[in-house]
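The primary structure of each chain is shown beneath.
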Amino acid sequence: MSLTVKDLQKAQEQLPDYRMELVDGKIIIMSPSGYESDEVATQFSTLINVWVRPRKLGRVTGSSAGFVLPNSDTRAPDVSFVQAERLRKSPRSFAELAPDLMVEVKSPTDSLTKLREKIDEFLALGTRVGILIHPEQRWVEVRRSGQEPLTFHDGDVLTVPDLLPGWEVKVEDLWSPEFD
């Protein structure tokens, strides 16, 4: 039996403490991410949001915001950005579109293959840029449909000029700080 977005919403109401996605008609319960990976996702989200919001470029959300994709899957990236002209008002439930930018941050239990597959699925469904962040190995991979991925390391500056004109971040500024 193939489940629907309504089934996902009912399950989410019954189990509000669980993060879930609907993939190929099946509800998948997402495990909590590692502390470091969530801190990196929050930092990335913050760095984009402080650029986007005052310029009214669009909307930035975290891992709890779900998207009903054109293939009827409902997925939630760690960080997402949707341009203002595509989403004039925030929906109360899931956004029914693919975000322009989606970000996945690898936690200790994540498979790189599965994360890349998720990003590539988003790209195939209309997302323009997918970013994979690997905090443990300190690299960032930028993926676009039909192009070879670009990898950035400490010392590099990450930009996404077609979506976030003028925004840039040093890769080393994404990582969790170490306090003495």
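Residues numbered from 1 in each chain as written. Predicted model: local features only at pLDDT ≥ 70, side-chain atom pairs only at ≥ 80, totals over all residues. Heavy atoms only, no water.

Visitor: Outline the packing of aromatic side chains, listing residues and values.
Guide: The final tally for this structure, using the stated rule, is one aromatic pair. Ring geometry for Phe44 against Trp167: centres 5.8 Å apart, planes inclined by 70°, an arrangement best described as edge-to-face. Taken as a pair, Phe44 in helix α2 (residues 35-55) and Trp167 in the loop between β11 (157-159) and β12 (168-170) lie far apart in primary sequence, 123 residues in all. For Phe44, a relative accessible area of 1% gives the class buried. Note on Trp167: relative accessible area 4%, which makes it buried. (Phe/Tyr/Trp six-rings, centres within 6.5 Å; stacked < 30°, edge-to-face > 60°. Helix = DSSP H or I, 4+ residues; strand = E, 2+ residues; numbered from the N terminus. Buried < 20%, exposed > 50% of the residue type's maximum accessible area, 1.4 Å probe, protein only.)

Visitor: Go over α2 with me, naming the residues and quoting the values.
Guide: End to end, α2 covers 31 Å across 21 residues, agreeing with the expected 30 Å (1.5 Å per residue, within 8%). Along α2, the largest kink reaches about 30° and is centred on Asn49. Among the residues of α2, those classed as buried are Ser37, Val40, Ala41, Phe44, Ser45, Ile48 and Val52. Of the residues one or two after α2, Lys56 is the one with positive phi, at around 55°. (Expected span 1.5 Å × (residues − 1). Bend = angle between axes of the 7 residues up to and from the residue.)

Visitor: Outline the environment of Ser45, supporting the account with residue identities and numerical values.
Guide: Among the secondary structure elements, Ser45 is positioned in helix α2. Ignoring any residue separated from it by four or fewer positions in sequence, one finds Ser45 in contact with Val60 and Val79. (Contact = heavy atoms within 4.5 Å.)

Visitor: So what's going on with unusual backbone geometry? Which residues, and what values?
Guide: Positive phi, normally seen in glycine, also occurs at Lys56, with a value near 55°. Position of Lys56 relative to the elements: it lies in the loop between α2 and β3 (58-61). If you check the backbone angles, Arg138 has positive phi at about 60° while not being a glycine. On the secondary structure map, Arg138 appears in the loop between β8 (129-134) and β9 (139-143). Arg138 gets classed as partly exposed once you look at its relative accessible area, which sits at 33%.

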